[in-house]
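Topology and contacts: notes
This is what each chain is made of:
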Amino acid sequence: MNRYISDLHFGHKNILKADQRPWDNVDDMDRGMIEFWNSTVADDDDVWILGDFTYRAPRHVQWYLGQLKGRKHLILGNHDRLLMEDRSALLYFESVDKSTEIVDEGRRVVLCHYPIAEWNGYYRGSWHVFGHIHGRKDTRVYEFIRGEERMLNCGAMVVGYRPAAFEEMVEANRRYKE
């Protein structure tokens, strides 16, 4: 099964307040998200991480990756530069790309960290899954995506801090776009 999540920001102290995350400190957030991940993901699931896996983390990125179930694929985000410089951390990923296209239960899906106004297959029913904007609703980008049924935000805060299956992501985005 394919699962999707972005903007985990493991180890990022300031994200607790910026996203109004439900934890008191970074250690609780990191452990909570690892627990959510592992209670949701099976070993044979493909997890598409759409960028910003860690940021300013006090622990090495391998500390996180080594604990997480599933086959991990990284779509690069704006905060993944240090991860890209760590060859040993990259070994945890099945693939690393700036963007990619997959098929999920017959649906064509374009994956990119950033929301795109028009993507490959847009006029032929393909979907676009992205992150980057977290759960923000105060931008013109949000106003645009609200009108696009096939644009799905897989930000951790939108999908409940756990990698979401496609239909779960559709439902989470229905609530997010209300």
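Per-chain numbering applies: the sequence of each chain, read as written, is numbered from 1 onward. Residues qualify for local features only when their pLDDT is at least 70, as the model is predicted, and side-chain atom pairs are given and counted only at 80 or more; totals for whole chains, interfaces and linings, by contrast, use all residues. The basis for every side-chain value is the complete set of non-hydrogen atoms in the structure, without hydrogens or water.

In these notes, a set of buried Ala, Val, Leu, Ile, Met, Phe, Trp, Tyr and Cys residues joined through side-chain atoms within 4.5 Å is what counts as a nonpolar core. Throughout this description, buried means an accessible area under 20% of the type-specific maximum (1.4 Å probe, protein chains only), exposed means over 50%, and partly exposed covers the range between. Residues Tyr-4, Leu-8, Ile-49, Phe-53, Leu-111, Val-129 and Met-169 are the most contacted members of the largest nonpolar core, which totals 54 residues. Looking at which element gives the most residues to this core, the answer is helix H2 (residues 26–40), with 5 residues. What counts as a helix is a DSSP run of H or I of at least four residues, what counts as a strand is a run of E of at least two, and both are numbered from the N terminus.

Attention now goes to helix H7 (residues 166–177). Expected helix span is taken as 1.5 Å per residue step, with the number of steps being one fewer than the number of residues. Compared with the 16 Å implied by 1.5 Å per residue over 12 residues, the 16 Å span of H7 between its first and last C-alpha is a close match. Within the span of H7, buried status applies to Phe-166, Met-169, Ala-172, Asn-173, Tyr-176 and Lys-177. Considered in projection along H7, the buried side chains sweep an arc of 125 degrees and stay on one side of the axis. Any two residues having at least one pair of non-hydrogen atoms within 4.5 Å are treated as being in contact. Where H7 is buried, its residues meet strand E1 (2–5), strand E5 (99–104), strand E6 (107–112), strand E7 (127–130), helix H6 (140–146) and strand E8 (151–153). The arc under discussion is defined with respect to the helix axis, by the directions toward the C-beta atoms.

Below, the discussion takes up the packing of aromatic side chains. Side-chain rings of Phe, Tyr and Trp (the six-membered ring for Trp) are treated as a pair once their centres are within 6.5 Å; stacked means planes under 30 degrees apart, edge-to-face means over 60, and tilted covers the remaining angles. Enumeration over the complete set of coordinates arrives at 11 aromatic pairs. Between Trp-23 and Tyr-161 the ring centres are 5.0 Å apart and the planes differ by 80 degrees, which places this aromatic pair in the edge-to-face class. Taken together, the positions of Trp-23 in the loop between helix H1 (15–18) and H2 and Tyr-161 in the loop between E8 and H7 put the pair 138 residues apart, joining distant regions of the chain. Taking the relative accessible area as the measure of exposure, Trp-23 reaches 16% and is therefore buried. Taken together, a centroid distance of 5.1 Å and an interplanar angle of 90 degrees make the contact between Trp-127 and Phe-166 edge-to-face. Taken together, the positions of Trp-127 in strand E7 and Phe-166 in helix H7 put the pair 39 residues apart, joining distant regions of the chain. Under the relative-accessibility criterion, Trp-127 is labelled buried at 14%. By definition here, charges over rings are those cases where NZ of Lys or CZ of Arg is within 6 Å of the ring centre and within 35 degrees of the ring normal. Arg-59 extends its terminal NZ or CZ atom over the ring of Trp-63, reaching a point 4.0 Å from the ring centre. When the ring centre of Tyr-122 is taken as origin, the NZ or CZ atom of Arg-150, which lies over that ring, is 5.5 Å away.

Moving on, we come to the pattern of salt bridges. Within this document, salt bridges are pairs made up of a side-chain nitrogen of Lys or Arg and a carboxyl oxygen of Asp or Glu, the two lying within 4 Å of each other. In this structure the tally under the stated criterion is 14 salt bridges. Of the charged contacts, one joins Asp-27 and Arg-59 as a salt bridge, the two residues approaching to 3.0 Å between their closest N and O atoms. Taken as a pair, Asp-27 in helix H2 and Arg-59 in the loop between strand E2 (46–49) and helix H3 (61–65) lie far apart in primary sequence, 32 residues in all. For Asp-27, a relative accessible area of 35% gives the class partly exposed. Two residues, Glu-167 and Arg-107, come together in a salt bridge whose shortest N-O distance is 2.4 Å. Linking Glu-167 in helix H7 with Arg-107 in strand E6, this pair joins segments that are 60 residues apart in sequence.

Adjacent strands of a sheet pair through backbone hydrogen bonds, lying either parallel or antiparallel. When DSSP finds two or more bridges between two strands, those strands count as paired. Strand order in the open sheet made by the 4 strands is E5-E6-E7-E8, with mixed pairing throughout. Taken across any chain shown, the strands that pair with only one partner, and hence form the sheet edges, are E5 and E8. Each neighbouring strand pair of the sheet contributes to a mean axis angle of 25 degrees, computed without reference to strand direction. Where E5 meets E6, 6 bridges bridge the pair, whose relative direction is antiparallel. Among the inter-strand pairings, Glu-101 is bridged to a residue of E6, identified as Val-110. Helix axes are fitted to C-alpha atoms over the stretch in contact, other axes to C-alpha atoms as well, and angles between N-to-C directions run from 0 to 180 degrees.

Taking every second residue as pointing to the same face, both faces of E1 are buried, with Asn-2 and Tyr-4 on one and Arg-3 and Ile-5 on the other. Relative to E2, E1 is paired through 4 bridges, and the arrangement is parallel. The residue of E2 that forms the bridge with Ile-5 is Ile-49.

One non-glycine residue, Asp-7, lies in positive phi territory at about 55 degrees. One can find Asp-7 in the loop between E1 and H1. The class of Asp-7 is buried, set by a relative accessible area of 0%. Not every positive phi belongs to a glycine, and Asp-52 is a case in point at roughly 55 degrees. Relative to the helices and strands, Asp-52 resides in the loop between E2 and H3.

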